[in-house]
Amino acid sequence: FYKYILIRVSRKKYLFSRLVSNAVAGGITTAMPMLILFGLSIVLCVPYTKEHLKMGIYSPVHGTILEQLELPGGGVYFGVTIVLLSFAFGVVWSTLGLAVSSIITNRYVALCAPFVIFFAMHLFFSGIKLEVFSPVNTILPDILPSFGFLIVYQLTMLIISTFVFLIFAGRRLKFEL
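What you see is a predicted model, and the numbers here were worked out from it, not measured in a lab. Here the residue numbering is sequential within each chain, running from 1 through the sequence in written order. The predicted origin of the model limits local features to residues at a pLDDT of at least 70 and limits the giving and counting of side-chain atom pairs to 80 or more, whereas totals for whole chains, interfaces and linings rest on all residues. Water and hydrogen atoms were dropped before computing side-chain values, which therefore reflect all heavy atoms in the structure.

**Things to note about the overall build of the protein chain**
Here comes step 1: Across its full length, the protein chain carries 6 helices and 0 strands.
Here comes step 2: Strands are runs of DSSP state E lasting at least 2 residues, helices are runs of H or I lasting at least 4, and numbering of each runs from the N terminus. Shown N-terminal to C-terminal, the secondary structure of the protein chain runs as helices and strands in the order α-α-α-α-α-α.
Here comes step 3: Over its C-alpha atoms, taken along the principal directions, the protein chain stretches across nearly 70 × 40 × 25 Å.
Here comes step 4: Note on definitions: a residue-residue contact is assigned when non-hydrogen atoms from the two residues lie within 4.5 Å. When contacts within the protein chain are restricted to residue pairs at least 6 apart in sequence, those whose partners lie at least 24 apart make up 65%.
Here comes step 5: Note on areas: these come from Shrake-Rupley sampling with a 1.4 Å probe, and a residue is covered only by the protein chains present in the view. Within the structure as shown, the protein chain displays about 11,100 Å² of accessible surface, and the carbon and sulfur contribution to it stands at 74%.
Here comes step 6: Only four residue types enter the tally: Lys and Arg on the positive side, Asp and Glu on the negative side, with His and both chain ends excluded. We put the charge of a Lys on NZ, of an Arg on CZ, of an Asp on CG and of a Glu on CD. Taking the average location of the 13 positive side-chain charges in the protein chain and that of its 6 negative ones, the two points are 26 Å from each other.

Okay, here's the thing in structure tokens:
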């Protein structure tokens, strides 16, 4: 069906629109459940305050890089940060899936590949005691040294996935038309 689209648009525009639409769809898909949970938490839960700390009740993010976000606004900043991290996670991993689909035409392999890569990276980095590079930490960065590290890590994966997609999808379009 893309042949009919390419009659009206250039290859570059088609690849760019496919990349952006896939990234946005992946980001929304992973951020939406967190946004719903965040909304329910605001309505149904008691805000986390300094009194909780005085009583010795610590949140799961206490002592992590997210600790600075747990108290301001009763946890609203923390919730917004988690929704944004979820969106970024979806963008990166959907783009990686799109890159794999440009290399391997089997739709089932392309669908499963991001999960396999995610799990393999987690096992590899955990096995060599470099858990900080495990992709698990991109969704909830408990052990990461800083947000800067997280941004660089996500951008690196996104850039690599984007280049792989543009190279292989561009090649495939060139040879199939």
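And the narrative resumes.
**A short note on the nonpolar core**
Here comes step 1: Put simply, a nonpolar core is a bunch of buried Ala, Val, Leu, Ile, Met, Phe, Trp, Tyr and Cys residues held in one set by side-chain atoms that sit within 4.5 Å of each other. Here's how the labels work: a residue is buried when its accessible area is under 20% of the maximum for its type, exposed when over 50%, partly exposed in between, all with a 1.4 Å probe on protein chains only. The biggest cluster of nonpolar side chains holds 8 residues, and these are Val61, Ile65, Leu66, Leu69, Ile82, Leu85, Leu144 and Leu150.
Here comes step 2: In contact with Leu69, not counting residues within four places along its chain, are Gly75, Tyr77, Phe78, Thr81 and Phe147.

**Some points on helix H4 (residues 76-103)**
Here comes step 1: Its 28 residues place the ends of H4 41 Å apart at the C-alpha level, agreeing with the 40 Å of an ideal helix rising 1.5 Å per residue.
Here comes step 2: Where burial is concerned, most of H4 is hidden: 20 out of the 28 residues are buried. Expected span, for any helix, means 1.5 Å times one less than how many residues it has.

**Brief notes about the packing of helix H2 (residues 11-44) against H4**
The relative placement of two packed helices comes down to the angle between their axes together with the axis-to-axis distance.
Here comes step 1: Running from N to C, H2 and H4 point in directions that differ by 145°, and their axes come no closer than 7 Å. In the crossing of H2 with H4, the sense of the turn from one axis to the other is right-handed.
Here comes step 2: The residue classification treats Ala, Val, Leu, Ile, Met, Phe, Trp, Tyr, Cys and Pro as nonpolar and Asp, Glu, Lys and Arg as charged. All others, Gly included, are polar. Here the residues of the contact of H2 with H4 are counted per class, giving 16 nonpolar, 10 polar and 1 charged. Angles here are taken between N-to-C directions and fall from 0 to 180 degrees, while the axes themselves are lines fitted to C-alpha atoms, restricted in helices to the stretch in contact. Note on convention: the crossing is left-handed when the near helix lies turned anticlockwise from the far helix by less than a right angle, right-handed when the turn is clockwise.

**Side note on the side chain of Thr138**
Here comes step 1: Structurally, Thr138 is set in the loop between helix H5 (107-127) and helix H6 (147-176).
Here comes step 2: Polar contact is defined as a pair of N or O atoms within 3.5 Å, subject to the rule that within protein one atom must be able to donate a hydrogen and the other to accept it, and that residues adjacent in sequence are counted only when both atoms are side-chain atoms. A polar contact of 2.6 Å, which involves the side chain of Thr138, links it to the backbone oxygen of Pro135.
Here comes step 3: Discounting chain neighbours no more than four positions away, the residues touching Thr138 are Leu85, Phe89, Trp93, Leu150, Tyr153 and Gln154.

**Structural notes on the packing of aromatic side chains**
Here comes step 1: Aromatic pairs are defined between Phe, Tyr and Trp rings, using the six-membered ring for Trp, whenever the two ring centres lie within 6.5 Å; interplanar angles under 30 degrees are classed as stacked, those over 60 as edge-to-face, and all others as tilted. For the structure on display, the rule yields 8 aromatic pairs.
Here comes step 2: A centroid spacing of 5.3 Å and a plane angle of 75° characterise the contact between Trp93 and Phe118, whose relative ring orientation is edge-to-face. Separated by 25 residues along the polypeptide, Trp93 in helix H4 and Phe118 in helix H5 bring together distant segments of the chain.
Here comes step 3: Ring centres of Phe125 and Phe133 lie 5.7 Å apart, and the angle between their planes is 40°; this geometry places the pair in the tilted category.
Here comes step 4: With a relative accessible area of 29%, Phe133 lands in the partly exposed category.
Here comes step 5: A connected cluster of aromatic rings, assembled from ring pairs, spans Phe124, Phe125, Phe133, Phe149 and Tyr153.

Bear in mind that shape data such as this cannot, by itself, settle questions of function.
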